[in-house]
Amino acid sequence: MKANSPWVFLPLVGFVLLAVLLASGLGRDPQELPSALVGKPVPSFSLPSLLTEETYTEDSLKGRWQLLNVWATWCPTCHVEHPYLLELAARGVAISGLNYKDELPAAREYLANLGNPFTHVIVDADGQLGLDLGVYGAPETFLINPAGEIVLRHAGDLNARVWEEKFVPLLPTQAPAPGQGEGEE
Amino acid sequence: MAVEIGHLSLWLALAAALCLSVFPLIGVYRNLPAWQWYARPLAWIQWLAMTVAMVALGYSFYINDFSVAYVAGHSNSALPLEYRLSAIWGGHEGSLLLWGWMLSGWAAMVGLLSRSVPLPMVARVLAVMGMISVGFMLFMLLTSNPFDRNLPWFPLDGADLNPLLQDPGLIIHPPMLYMGYVGFSVAFAFAVAGLLMGNLDPAWARWARPWTTVAWSFLTVGIALGSWWAYYELGWGGWWFWDPVENASLMPWLAGTALIHSLAVSEKRNMFRAWTVLLAIITFSLSLLGTFLVRSGVLTSVHAFANDPARGAFILGFLIVVAGGALVLFGLRASALRSNTGFKPVSREAFLLGNNLILLTATSVVLMGTLFPLIGEALDMKISIRSPYFNGFFVPLAFVLILLMVPGMFSNWKRQDGNSLLKRMALLAPAAIIAGWFGARLPDPSPWQGVLAIMLALFLVFAHVDDVVRRARAYKQGFVTGLGKLGRGYWGMVLAHCGLAVLIAGITLVSFHEVERDIRMAPGDTAKLGDYTFVFDSLDEYRGPNFDSTRGHFHVSHDGEPVAVMHPEKRTYHASRQVMTEAAIDAGFWRDLYVALGEPLDKSNAWAVRIYFKPGIRWIWLGALIMALGGALALTDKRYRRNRFATNDAGAANES
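Student: Would you mind going over the overall build of chain B with me for this structure?
Tutor: Secondary structure summary: chain B contains 20 helices and ten strands in total. In summary, chain B has a C-alpha radius of gyration of 27 Å against a globular reference of 26 Å for 656 residues, a match within 12%. With 656 residues in all, chain B has 52% of them scored as buried. Relative to all contacts within chain B whose residues are 6 or more apart in sequence, the contacts with residues 24 or more apart total 74%.

Shown next as structure tokens:
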């Protein structure tokens, strides 16, 4: 056998470097909320309410632990997760709804027919707040602390497993579930 | 029920693939021809099982079975049938199934069309393809099963296919692209089989070459379709965005182009063998890398599928096994492939080597540009690579590539007299320069890069015409008879090279002579674009099968002559509420007119309207199609249909 030139292993070395680089990129998910936004306050906004004459701002989301659920009538998965939101609401969890790029009469009818788990329903008709929050699609759910800061973002439907695995560990221990504490509307 | 049958077939296909990757190889190393013989039937069984799985998924879309999670996620009952069926590959899981099905299809074809290849070689090649299949099927079954049910609560209607994908171009774009990606697995399998065998003769290159050419032609068409789709569907009139996913398809194309040329040297001269094998490994690895980039969530892109780090980890692991394994094997065996024959610095080999280096440099440029954001993130910097980076490298590389193509084609193998080569080119160059000078100035003056690009494209065409004439005359039996004697492989090359010239001319024309205007228009308004007058007649609304549309009516005249009536639309899709711009395009050989509705302005009925004049844009896709056609023509060359090969089967069977 001829002397083995070391050059023949060069492609392998290059590939190993490439693989290391790719592996380093793997942990990150560009669709996850950029870590920059976790711990930051909810972006400022001023948007109408779906059910009342009020106007909500970022201050409306302060003062208690709560969920911000991005939903719409056009989103099939929102229908799927709706019963679970009702169940959480019945357990005393405060949930604000962000009605995302929706038709308002349809949205009102939806809540009237299926029940309303939300303490507030913020109307984001042109998706501007959704854009600021980095919403990728509906449904998405944010966990917000009393200071009005985003603690967690979950894309996709909220169900018992996700609730137990992702949300519960972040809530203050032996503390009341979100919503208990300060006044309801 | 269909879904369960599909799911079961997928497991069956996995079983067949496992057998295929083990038994024939045992047959080779234990010298048991009967075990080697099983390679072909196993490949066919694998293909049958995968076909059943494909049909089962298609049937679930056909009957709107929304209890299937994948169907519910990518279709709904209002979706027209053709899009329900093309939704099979509209998402991550289904497009993987298409990948796997095509892979099994390529393996089945290799089994069918390899009668003249010695059995031990076929056994190795199919075993390697079986291993790749195992990886893909495990990936599907473990992380991305398209047959998963959404039970017990399944939606009454589906979420709809992404409206961007509801388009005829997108029905065929992914299959073409995947045929290319997956097709390079054959070249890869031949390369690995060759390394395992440790002995590559010219017959090896002759077997691998047509498969590579077909895969390359499919990929060419696939990329062209993707570019065409982006042009008319995204509403911006752009035809290439240097998006990570576009880059992912361009990298294997560039490497595959290098591979085709290097295979030519291996076949004709029995040289560059280690290099050819390495290129085959690189080309397929880049196809896999493309799959990784699109599905792992490592990079963001408009085309990216739903991302999942677990899937990314699996593909990366798979890539490491496939590419890493092949490169280790290459490192261990490559030195045995060194050839003793040499060539002079002025010879066809030398020019083809130059071509390969340019193409690989281009591949590296794209790879670096695509991965730079990732490197940046690793170093905690935000880096954005935009088109100036890519164009800055690609334009000069393309110029040099063309300057190598002509002498490469004119030169003899082994050695070429430099003076006669220069003389021949010097005769053609003035013609190209003069014609290019006038050609480039015809529409309106263009910068020197534009003039130079047109000159080079013309130089390329003139050189090929000159070569065809000379070769036909060389038979000395009359010009027409001579033309008939030129091989199909040669004609394929001429066609593909001229296709490149058309492509370059198209890119040059549209880059330097397009006119784009974004203006405010209300019904009744008129806009002028060069000699064209666009009149916005009216606006109406209509309801499509699964969308509502606002539609504009324009009529266009050129120097007072009516040219076209155009209907750009803005569609809102019901299920997803996505708003899509449907541009109106009046396509022509010399130019396209392009009208797209942007956004409605304030409360009036005025719109931001985009009006574009795009000269030569069709040539880009026409050029790509001509290139692919050249590949297809080369495939019909006589020598691939010969049944006898110079090599002795016994010799191949006895090595160990």
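Student: Mind showing me how you'd approach the overall build of chain A here?
Tutor: Along the backbone of chain A there are five helices and seven strands. Reading the helices (α) and strands (β) of chain A from amino to carboxyl end gives α-β-β-β-α-β-α-β-α-β-β-α. The burial tally for chain A puts 34% of its 185 residues in the buried class. Considering only intrachain contacts with a sequence separation of at least 6, the fraction spanning at least 24 residues in chain A is 74%.

Student: Can you help me understand the nonpolar core in this one?
Tutor: Burial of nonpolar side chains together is a common tendency in soluble globular proteins. Residues and elements named next belong to chain B. Membership of the largest hydrophobic core comes to 250 residues, with the highest contact counts inside it found for Leu-126, Ala-187, Phe-190, Ile-281, Leu-460 and Val-595. Looking at which element gives the most residues to this core, the answer is helix α8 (residues 168–197), with 18 residues. Two domains share this core, each providing at least three of its residues, namely domain 1 (413–513) and domain 2 (515–618).

Student: Where do I start with the domain arrangement of chain B in this structure?
Tutor: Residues and elements named next belong to chain B. Taken domain by domain, chain B comprises domain 1 (413–513) and domain 2 (515–618). Using only C-alpha atoms to locate each centre, domain 1 and domain 2 end up separated by 39 Å. Counting from both sides, the interface comprises six residues of domain 1 and, opposite them, four residues of domain 2.

Student: Help me understand the sheet that holds strand β3 (residues 66–71) of chain A, please; the structure alone is not making it clear to me.
Tutor: What holds strands together in a sheet is hydrogen bonding between their backbones, with the strands either parallel or antiparallel. All names here are of chain A. Strand order in this open sheet of five strands is β5-β4-β3-β6-β7, and the pairing throughout is mixed. A strand with exactly one partner marks an edge of an open sheet, and here the two such strands are β5 (120–124) and β7 (150–155). Strand-to-strand twist across the sheet, computed as the mean angle between neighbouring axes with direction ignored, equals 20 degrees. By the bridge criterion, five bridges tie strand β6 (residues 140–144) to β7 in an arrangement that is antiparallel. In the strand pairing of β7, Ile-144 is matched with Ile-150.

Student: When you look at helix α19 (residues 617–635) of chain B in this model, what are you seeing that I'm missing?
Tutor: Think of an α-helix as 3.6 residues a turn; residues three or four steps apart then line up on the same face. Helix length check: α19 of chain B (19 residues) gives 28 Å between terminal C-alpha atoms against 27 Å at 1.5 Å per residue, within 8%. Of all 19 residues in α19 of chain B, 14 are buried; the element is thus mostly enclosed.

Student: Looking at this model, I keep getting lost on the packing of helix α14 (residues 387–410) of chain B against helix α16 (residues 448–474) of chain B. Mind explaining?
Tutor: Packed helices, taken two at a time, are described by the angle between their axes plus the distance between the axes. All names here are of chain B. At a closest axis distance of 10 Å, the pairing of α14 and α16 adopts a crossing angle of 20 degrees. Classified by the angle between their axes, α14 and α16 sit roughly parallel to one another. When the axes of α14 and α16 are compared, the crossing they make is left-handed. Packed against α14, whose contacting residues are Val-395, Phe-399, Ile-402, Met-405, Val-406, Met-409 and Phe-410, the element α16 presents Gln-449, Leu-456, Phe-459, Leu-460, Ala-463 and Asp-467 at the interface. Partitioning the contact of α14 with α16 into residue classes produces eleven nonpolar, one polar and one charged.

Student: It is not clear to me how unusual backbone geometry should be interpreted in this structure. Could you clarify?
Tutor: At Lys-101 of chain A, a position not held by glycine, the phi torsion is positive, near 50 degrees. Along the chain, the position of Lys-101 of chain A falls in the loop between β4 (95–100) and α3 (104–114). Given 21 C-beta atoms within 10 Å, Lys-101 of chain A falls into the buried group. Even without glycine at this site, Asp-559 of chain B takes up a positive phi of about 50 degrees. Its location among the elements puts Asp-559 of chain B in the loop between β4 (547–558) and β5 (561–566).

Student: For this particular structure, what's the right way to read the packing of helix α7 (residues 119–143) of chain B against α8 of chain B?
Tutor: Residue and element names in this part refer to chain B. For the pair α7 and α8, the least separation of the axes is 8 Å and the interaxial angle reads 125 degrees. Overall, the two elements α7 and α8 adopt an arrangement that is oblique. When you trace α7 past α8, the crossing you get is right-handed. For the pair α7 and α8, contact is made by Met-121, Arg-124, Val-125, Val-128, Met-129 and Ile-132 and by Ser-185, Ala-189, Phe-190, Val-192, Ala-193, Leu-196 and Met-197, respectively. Residues belonging to the contact of α7 with α8 are distributed by class as follows: eleven nonpolar, one polar and one charged.

Student: Where do I start with the environment of Val-406 of chain B in this structure?
Tutor: Residues and elements named next belong to chain B. Of note, Val-406 is situated in helix α14. Residues Val-406 and Asp-467 lie 61 residues apart in sequence; the distance between their C-alpha atoms is 9.7 Å. Once residues within four sequence positions are removed from consideration, Val-406 is found in contact with Met-425, Phe-459, Leu-460 and Ala-463.

Student: Sorry, what's going on with the confidence of the model for chain B here?
Tutor: Interpreting fine coordinate detail is not advised for predicted regions of low pLDDT. Residue and element names in this part refer to chain B. On average, residues of chain B score 85 in pLDDT, and 91% of them reach the 70 mark or higher. Within chain B, the lowest mean pLDDT, 36, falls on helix α20 (residues 649–654), and the highest, 95, falls on helix α3 (residues 39–62). Note that residues 301–306 has pLDDT below 50 and, in this model, 14 contacts with residues that lie over four places away or in other chains. In this model residues 643–656 is a low-confidence stretch, pLDDT under 50, and it forms 17 contacts with partners more than four residues away in sequence or in other chains. In the predicted assembly, ipTM is 0.77 and pTM is 0.79.

Student: Even after reading the chapter, I still don't get the sheet that holds strand β10 (residues 607–615) of chain B, so can you show me in this structure?
Tutor: Residue and element names in this part refer to chain B. With antiparallel pairing, the four strands of this open sheet are ordered in space as β1-β10-β9-β8. The open sheet has two edge strands with one neighbour each: β1 (515–521) and β8 (584–586). Strand-to-strand, the axes of this sheet are offset by a mean angle of 15 degrees, without reference to chain direction.

Student: I would appreciate a short explanation of helix α11 (residues 273–295) of chain B in the present structure.
Tutor: Over its 23 residues, α11 of chain B extends 33 Å from the first C-alpha to the last, a length consistent with the 33 Å expected when each residue adds 1.5 Å. Extensive coverage of α11 of chain B is indicated by the burial of 22 of its 23 residues.

Student: How do you make sense of the confidence of the model for chain A when you look at a structure like this?
Tutor: Residues of chain A with pLDDT of at least 70 account for 83%, and the chain-wide mean is 79. Low confidence marks residues 179–185 of chain A, where pLDDT is under 50. Its contacts with residues over four positions away, or in another chain, come to 14 contacts.

Student: Sorry, what's going on with the environment of Val-221 of chain B here?
Tutor: Examined against the element boundaries, Val-221 of chain B turns out to sit in helix α9 (residues 202–233). We classify Val-221 of chain B as buried; it has 24 C-beta atoms within 10 Å.

Student: I'm lost on the pairing of strand β6 (residues 569–573) of chain B in this one. Help?
Tutor: On any regular strand, side chains alternate: one points to one face of the sheet, the next to the other face. Residues and elements named next belong to chain B. Here five bridges tie β4 to β6, and the two strands are oriented antiparallel to one another. Looking at the pairing, Thr-550 lines up with Lys-570 of β6. Bridge count between β6 and strand β7 (residues 579–582): four bridges; the pairing is antiparallel. Across the sheet, Lys-570 pairs through a bridge with Thr-581, a residue of β7.

Student: Whenever I open this one, the environment of Gly-198 of chain B confuses me. Can you help?
Tutor: All names here are of chain B. Inspection of the secondary structure puts Gly-198 in the loop between α8 and α9. Look at Gly-198 and you get exposed, because 12 C-beta atoms sit within 10 Å. In sequence terms Gly-198 and Leu-337 are 139 residues apart; their C-alpha atoms lie 7.4 Å from each other.

Criteria and cut-off values
Residues numbered from 1 in each chain as written. Chains lettered and ligands numbered in written order. Predicted model: local features only at pLDDT ≥ 70, side-chain atom pairs only at ≥ 80, totals over all residues. Helix = DSSP H or I, 4+ residues; strand = E, 2+ residues; numbered from the N terminus. Rg over C-alpha atoms; globule rule 2.2 N^0.38 Å. Buried ≥ 20, exposed ≤ 12 C-beta atoms within 10 Å, placed from the backbone. Contact = placed C-beta atoms within 7 Å. Core = buried A, V, L, I, M, F, W, Y, C linked by C-beta atoms within 7 Å. Domains from an automatic or database assignment. Pairing = 2+ DSSP bridges. Axes fitted to C-alpha atoms, helices over the stretch in contact; angles between N-to-C directions. Expected span 1.5 Å × (residues − 1). Parallel < 35°, antiparallel > 145°, perpendicular 65-115°, else oblique. Left-handed = near helix turned anticlockwise from the far one by under 90°. Nonpolar A, V, L, I, M, F, W, Y, C, P; charged D, E, K, R; others polar. pLDDT = per-residue confidence, 0-100.

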